Amino acid sequence: MKQIVVLSGKGGTGKTSVSAALSQLAGDKAIFADCDVDAPNLHLILNPTNNKEETFYSGKLAIKDEESCINCGKCLEVCRFGSISADFKIDEMSCEGCGFCSYVCPEGAISMVPQISGQIFDATTRFGPFIHALLRVGGENSGKLVAAVIDRARKKTEDLDKEFLIVDGSPGVGCPVIAALSGANLVVMVTEPTKTAVHDMKRLSDLITHFKIKQAVVINKSTINLDQRNNIISYCEENDIPIVGEIPYNKQIYTAFVNGYTILEQDLSIESDSLTSIWEKIIEL
Amino acid sequence: MVTIAVASGKGGTGKSTVAVNLALLLSKGQNVSLFDLDVEEPNDNQFLNLDLTHRKDVHLLKPEIDEKKCTHCGICADLCEFNALAVLPAYVMTFPELCHACGLCSYACPEQAITEVSHLNGIIEQGIINDNGNFFQGTLKISEAIATLTISELKSIAKERQDEIKVLDLPPGSSCPVIEGLRNTDYVILVTEPTPAGEHDLKIAIAVVKMLKIPFGIIINRFDVGDDRIEKLATDNNYKILLRIPHSDNIIYYYSRGMPLIDNDPESTKLFTNLISTLKEENVL
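Everything quoted here is computed from the prediction, not taken from an experiment. (Residues numbered from 1 in each chain as written. Chains lettered and ligands numbered in written order. Predicted model: local features only at pLDDT ≥ 70, side-chain atom pairs only at ≥ 80, totals over all residues. Heavy atoms only, no water.)

**Things to note about the pattern of salt bridges**
Residue and element names in this part refer to chain A.
- According to the stated counting rule, one finds 24 salt bridges over all chains in the structure shown.
- Between Glu66 and Lys64 there is a salt bridge, with the nearest N and O atoms lying 3.5 Å from each other.
- For Lys64, a relative accessible area of 14% translates into the label buried.
- Via salt bridges that share partners, Glu54, Asp151, Arg152 and Lys155 belong to a single interconnected network. (Salt bridge = Lys/Arg side-chain N within 4 Å of Asp/Glu carboxyl O. Buried < 20%, exposed > 50% of the residue type's maximum accessible area, 1.4 Å probe, protein only.)

Encoded structure:
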């Protein structure tokens, strides 16, 4: 199995469009997963039928029994997250669920209650099986939910004996991105020729290098700024990162979004040819 | 004094564009501070081009085991809610990337074999905008998973400052880093685009903002591409649309070069002037 993770650093560069097109091109050789559980979007194009739904629990929340509390303040002394107020009330939003308060409470007034992190869906789409998830509103531990999605998706890829697992990731370089990198064989960085996207791609590239994972670049909206495009190319040359393709800028892509189509289904011929060639190059890496 | 957060759910909708240009225009007459809370991919200074000075390092504590004292009793691993310690017969393995630095293991160890050692999580820098404005940004160290600590350091700087207006540029998504950014803010500007993904993630962001009971308004970026779904959503739910930004070649031109719109693009400067009037009408400013 080859796990291909689509990332970008900066948001809005085209991760989901590329992931959807790669899913279509890989077809029955692959399983697809959306690891952006904060703001998942791949399902808007893949239009899945959810066959199984799993409630995923992760992390705990400190809940205090007011009647047993003797206002000794030990909980306030040990909490490092500012989650205990001066009158010893627990702030649910900032509680990390570490259990320190519960451990030191002499009256056993604080219990640690498991929390729902989100839902994981086992789905089918017009291109193949799809695992995706949705973080509960205000849910903690999106990294753990991402790890659970990766775990389910890898198992499914093995069970169905598929060649590829295509993962749509989230923006950034923190917890959920690191979780999506677990088991990855290749990271496809989707960037665009803007100063911010290039800056963010470099940070992402450092992260991937840190984890010693193979990386490749797709330059999306490649025609909007020639100088920045050249910056991407020289960075990739200096760091020995293959550029697997460029997708020119076309406003029609918004029509594909609105229709819920992949770029190939929208019949944007130049962009579709680029993506077909990108997929062929990715397979060879 | 007012603290305004700029958030979005979906990445790449224009949070930084709004935050930077709003702060730049406001700083012409008032004391303003801008905080880039997207510590995973801080981008505001790509447009501001300020000479930043180092303000402070943000450290995170991680457990270190003194194997001479450790009896491998396993209490630390049993208590750790984050699986950051594994006690093996001969030694203790720590997983620093999972550690939340709560301090429970070190406190509970009966042999005092665990000391907390600090390591770098991120840095905070600052600069000056147009004489009247102050800028602060946090940068998460590459390979660090937990972004909330550096964000909350920036938030404490914001809390201490006496500026008339504080603008916070939030990270994308809807989980811990966004919630940490939103806490104790007075108003939220949600930036979206009129596509299914823009709408989907806007709804998630609205759910989070409503949970925190913070008033909000919406900016539709690239309002003239996609369709009228955001307008409909706003009308049906009585949400305030603060501003519509067109999809313009000028904006792409300045954006891709890392140039602010204020003072460069007269059309956009007018738009942001209107935004300030609207925020005044809404009693935000």
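**Here we look at the environment of Gly99(A)**
- Tracing the backbone through its elements, the reader meets Gly99(A) in the loop between helix H3 (74-78) and helix H4 (100-104).
- Taking the C-alpha atoms as reference points, Gly99(A) and Ser111(A), twelve residues apart in sequence, are found 8.2 Å from one another.
- Ignoring any residue separated from it by four or fewer positions in sequence, one finds Gly99(A) in contact with Met112(A) and Leu104(B). (Helix = DSSP H or I, 4+ residues; strand = E, 2+ residues; numbered from the N terminus. Contact = heavy atoms within 4.5 Å.)

**Observations regarding the sheet that holds strand S11 (residues 241-245) of chain B**
Residues and elements named next belong to chain B.
- Spatially, S3-S6-S7-S2-S8-S1-S9-S10-S11 is the arrangement adopted by the nine strands of the open sheet, whose pairing is mixed. Pairing within the sheet leaves two strands with one partner each, and these edge strands are strand S3 (53-65) and S11. When strand polarity is set aside, the average angle formed by the axes of neighbouring strands in this sheet is 20°.
- Here strand S10 (residues 216-221) pairs with S11 via four bridges, running parallel. When the sheet's bridge partners are listed, Ile218 is paired in S11 with Ile241.
- On top of the sheet, helix H5 (residues 148-160) reaches strand S2 (32-36), S3, strand S6 (114-129), strand S7 (133-140) and strand S8 (165-169); it is set at about 50° to S6, its chief contact. (Pairing = 2+ DSSP bridges. Axes fitted to C-alpha atoms, helices over the stretch in contact; angles between N-to-C directions.)

**A few points about the environment of Gly127(B)**
Residue and element names in this part refer to chain B.
- If you trace the backbone, Gly127 turns up in strand S6.
- For Gly127, a relative accessible area of 7% puts it in the buried group.
- In this structure, the C-alpha to C-alpha distance between Gly127 and Pro196, residues 69 residues apart in sequence, is 38 Å.
- For Gly127, the contacting residues outside a window of four places in its chain are Leu50, Asp51, Leu52, Gly133, Asn134 and Phe135.

**Notes on empty space enclosed by the protein**
Residue and element names in this part refer to chain B.
- One pass over the full model with this rule turns up eight cavities of 30 Å³ or more.
- Lining the second largest cavity are 16 residues, and of these Cys80, Cys99, Cys102, Gly103 and Cys105 lie nearest its centre.
- Elements supplying a minimum of two residues to the lining of the second largest cavity: S3, helix H3 (75-79) and helix H4 (104-108).
- Along the lines of polarity and charge, the residues of the lining of the second largest cavity split into twelve nonpolar, two polar and two charged. (1 Å grid on protein atoms, 1.4 Å probe; cavity = no way out; pocket = protein on both sides within 12 Å on 5 of 7 lines; lining within 4 Å. Points joined across faces, edges and corners; volume = space filled by probe spheres on them. Nonpolar A, V, L, I, M, F, W, Y, C, P; charged D, E, K, R; others polar.)

**A closer look at the confidence of the model for chain B**
- For chain B, the mean per-residue pLDDT works out to 95, and 100% of the residues sit at or above 70.
- Confidence estimates for the predicted assembly give a pTM of 0.94 and an ipTM of 0.93. (pLDDT = per-residue confidence, 0-100.)

**With respect to the packing of aromatic side chains**
- If you walk through the whole model with that rule in mind, you get eight aromatic pairs over all chains.
- Between the aromatic rings of Tyr103(A) and Tyr107(B), the centroid separation amounts to 6.3 Å while the plane-to-plane angle is 85°, which identifies the pairing as edge-to-face. Here Tyr107(B) lies in helix H4 and Tyr103(A) lies in helix H4, a pairing that spans two chains.
- The class of Tyr103(A) is partly exposed, set by a relative accessible area of 37%.
- Judged by relative accessible area, Tyr107(B) falls into the partly exposed class, the value being 48%.
- Relative to Tyr254(B), the ring of Tyr253(B) lies with its centre 5.2 Å away and its plane at 90°, an arrangement referred to as edge-to-face.
- Judged by its relative accessible area of 15%, Tyr254(B) is buried.
- An aromatic cluster of three or more residues is present, and its members are Phe100(A), Tyr103(A) and Tyr107(B). (Phe/Tyr/Trp six-rings, centres within 6.5 Å; stacked < 30°, edge-to-face > 60°.)

**Focus on the pairing of strand S1 (residues 2-7) of chain B**
Residue and element names in this part refer to chain B.
- Most of S1 is tucked away, with six of its six residues classed as buried.
- Here S1 pairs with S8 via five bridges, running parallel. What sits directly across from Ala5, in S8, is Leu168.
- Pairing between S1 and strand S9 (residues 187-192): four bridges, direction parallel.

**Looking at a nonpolar patch on the surface**
- On the surface, Tyr103(A), Ile75(B) and Tyr107(B) cluster together to form a nonpolar patch covering roughly 290 Å² of accessible area.
- Positionally, Ile75(B) belongs in helix H3. (Patch = residues over 30% accessible without salt bridge, like charges linked within 9 Å, V, L, I, M, F, W, Y side chains within 5 Å. Areas by Shrake-Rupley, 256 points an atom, 1.4 Å probe, with all protein chains shown as cover.)

**Some words on the interface of chain B and chain A**
- Listed per partner, the contact involves 60 residues of chain B and 59 residues of chain A.
- Taken together, both faces of the contact between chain B and chain A bury some 4,900 Å²; the carbon and sulfur share is 59%.
- When residues of chain B are sorted by the area they lose upon contact with chain A, Glu41(B), Glu81(B) and Ile142(B) head the list and together hold 13% of the total.
- Linking chain B with chain A are four salt bridges, by the criterion used here.
- In this structure, the salt-bridge partner of Glu41(B) is Arg203(A), at a minimum N-O distance of 3.5 Å.
- Our enumeration of links across chain B and chain A arrives at 32 residue pairs in polar contact (both at pLDDT 80 or more).
- Secondary structure elements with two or more residues in the side of chain B that touches chain A: helix H2 (44-48), H4, S7, helix H6 (176-182), helix H7 (196-211) and helix H9 (249-257) of chain B.
- Per-element tally for the side of chain B that touches chain A: the top contributor is H7(B), with eight residues.
- Here the side of chain B that touches chain A is composed, by residue class, of 28 nonpolar, 19 polar and 13 charged. (Buried area = accessible area lost by both parts, 1.4 Å probe. Polar contact = N/O pair within 3.5 Å; in protein donor to acceptor, adjacent residues only side chain to side chain.)

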